[in-house]
Every structure is written in C-alpha cells, then in structure tokens.
Amino acid sequence: MSETGGPEHDYEPVPGLPGRLPEGEIILWQGAPSSAQVSRRIMKTRWIAGYFAVLVIWNVSAGIYDGRTVSEILFSSGALAILCTMAIALLEAFAWGVQKTTMYTITNKRVVMRIGVALSATFNLPFTRIASADMREDKNGCGDIALTLAPGDKLSWLVFWPHVRGFKKGALMPQMICLRDVAIAGNVLSAALAGSRSIDAPVVAQRHAGAPADAGRLIEAAE
C-alpha cells in the first residue's frame, strides 16, 4: 500500500485514478453512486423519518391522554420534529459527500474504487483478484455490483463502508453501490472480465488525504 499526500483528489492525473494508465490499459466505464439512493437505501432516511413520525403521534396521543395543554403538546412535538430534521439533514449531507468523493472506474484490466468522505482511498482491484461479480438491480434500474475477491486479500470493513455488501466465506466483498443504470456497468464489467488475461497482482490501496433487488446475476471471471 502506497500513500500520496496533499488535498483531496488534487494529485489525480486522471479523475478517479491514482496514476496515469499504463500502455495498453483503457477506461471502459466510470460512475458514482446516486446521493438520493445512498440516502434512502444505505442511510435509511425514510425509515428514520417514519420512526420520528410515530414518536410525534405517540407524543400527541400521550399528551391528550395525560391532559397536557395544547402548547405543551406542540412544544414537545416541535422538539421531536427539529431533532428529526437535524438527523436527516446530517444523513443527507453524508450521502451527498459519498456521491461527490466516490468514483468507480472499470478498465480492461481492473476495477478502481476511489472512496472515502473524510479520508479518501483509492483501491486497485485487478481482474485476476476478482473471482466473481454479483449485480443486483431494482425495478428502477438502480443497483449494486459486489465483487468476490480471491482468497488472501484482507480488507477493512470500516475503510470500505458503505461500499461493501458483507462477507462471503469470511472475505470482505467490496461493492459499487447505488448506481443508476447499473446494468450498463454490469455488462461492461462482465465483458471485461470474460476477455481479461491480466498478469496476477495483489489488491493495492493507495491513500491520499482528503432497495429490494431482483435476483443477482453472477458475472464470473475468466479462467
């Protein structure tokens, strides 16, 4: 793992990449998460709003039952509404930050994930280290692509979150999350993996400061 210093993304010779592409390597696709999808699916803002709505209804009902005055009920309900607004605003800001600081890149030899809101990190995932890729797509065409890595790569869940699906056979599964038109990225990755004959290389991390789904479609890496 190598590091570069300086302001976030200032030293990217190519947007989303830690260095210029070697000869023979080309960019096939680039994209970023949708902030609206991150907010709803990852940060669960709708569920949180619903939770606070239930609290407000309960507060009003309890106030009436206890015989509190209208002003007291309005004051306590207003306080809950303010807390709800602040919480959702913070989550929306984080979702916006995820969109602005994330760039996924698929080349003809690797997947590159530039992630991290507070501390940006760029991870190179060569095709030879990707055992398979699983795409999940919702009815609106949005979805995720999770990567199953070959045994031997130990990655941090805390570093990758929220760009993870979980663990498969004890190994972390990096994930390109909340992509609009995820099928486009999936088709590009599928074709690139099928045609790949890359030289084996480890997963390298380069740091620099800074919905219900359909059945998954498995994209198998080339033998």
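1. Some thoughts on the pattern of salt bridges
- Evaluation of the coordinates by the stated rule reveals 4 salt bridges.
- Notably, a salt bridge pairs Asp 144 with Arg 41, separated by 2.5 Å at the nearest N-O pair. With Asp 144 in strand 7 (residues 143–149) and Arg 41 in helix 1 (residues 35–42), this residue pair connects regions lying 103 residues apart in the sequence.
- Given the relative accessible area of 3%, Asp 144 is considered buried.
- On the accessibility criterion, Arg 41 (15% relative accessible area) is buried.
- Linking Arg 136 and Asp 144 is a salt bridge whose minimum nitrogen-to-oxygen distance equals 4.0 Å.
- Exposure remark for Arg 136: the relative accessible area of 31% places this residue in the partly exposed category.

2. Quick look at unusual backbone geometry
- For the bond from Trp 161 to Pro 162, the omega torsion is 5 degrees, close enough to zero to count as cis.
- Position of Pro 162 among the secondary structure elements: in the loop between helix 4 (157–160) and strand 8 (164–168).
- Despite not being glycine, Lys 44 shows a phi value in the positive range, around 55 degrees.
- The topology assignment puts Lys 44 in the loop between helix 1 and helix 2 (45–66).
- The class of Lys 44 is partly exposed, set by a relative accessible area of 40%.
- The phi dihedral of Cys 178 falls on the positive side, at around 50 degrees, and the residue is not glycine.
- Relative to the assigned elements, Cys 178 resides in strand 9 (residues 171–179).
- Overall, Cys 178 belongs to the buried group, its relative accessible area being 0%.

3. Describing the environment of Ser 132
- Within the element layout of this structure, Ser 132 appears in strand 6 (residues 130–137).
- Each C-alpha atom, one on Ser 132 and one on Leu 193, is 8.7 Å from the other, the two residues being 61 residues apart in sequence.

4. Quick notes on the environment of Gly 141
- Residue position: Gly 141 is located in the loop between strand 6 and strand 7.
- Take Gly 141: its relative accessible area is 10%, and that puts it in the buried class.
- Sequence separation between Gly 141 and Ile 184 is 43 residues; the distance between their C-alpha atoms is 9.6 Å.
- Apart from the residues within four sequence positions on either side, Gly 141 is in contact with Leu 179, Arg 180, Asp 181 and Val 182.

Cut-offs applied
Residues numbered from 1 in each chain as written. Predicted model: local features only at pLDDT ≥ 70, side-chain atom pairs only at ≥ 80, totals over all residues. Heavy atoms only, no water. Salt bridge = Lys/Arg side-chain N within 4 Å of Asp/Glu carboxyl O. Helix = DSSP H or I, 4+ residues; strand = E, 2+ residues; numbered from the N terminus. Buried < 20%, exposed > 50% of the residue type's maximum accessible area, 1.4 Å probe, protein only. Contact = heavy atoms within 4.5 Å.

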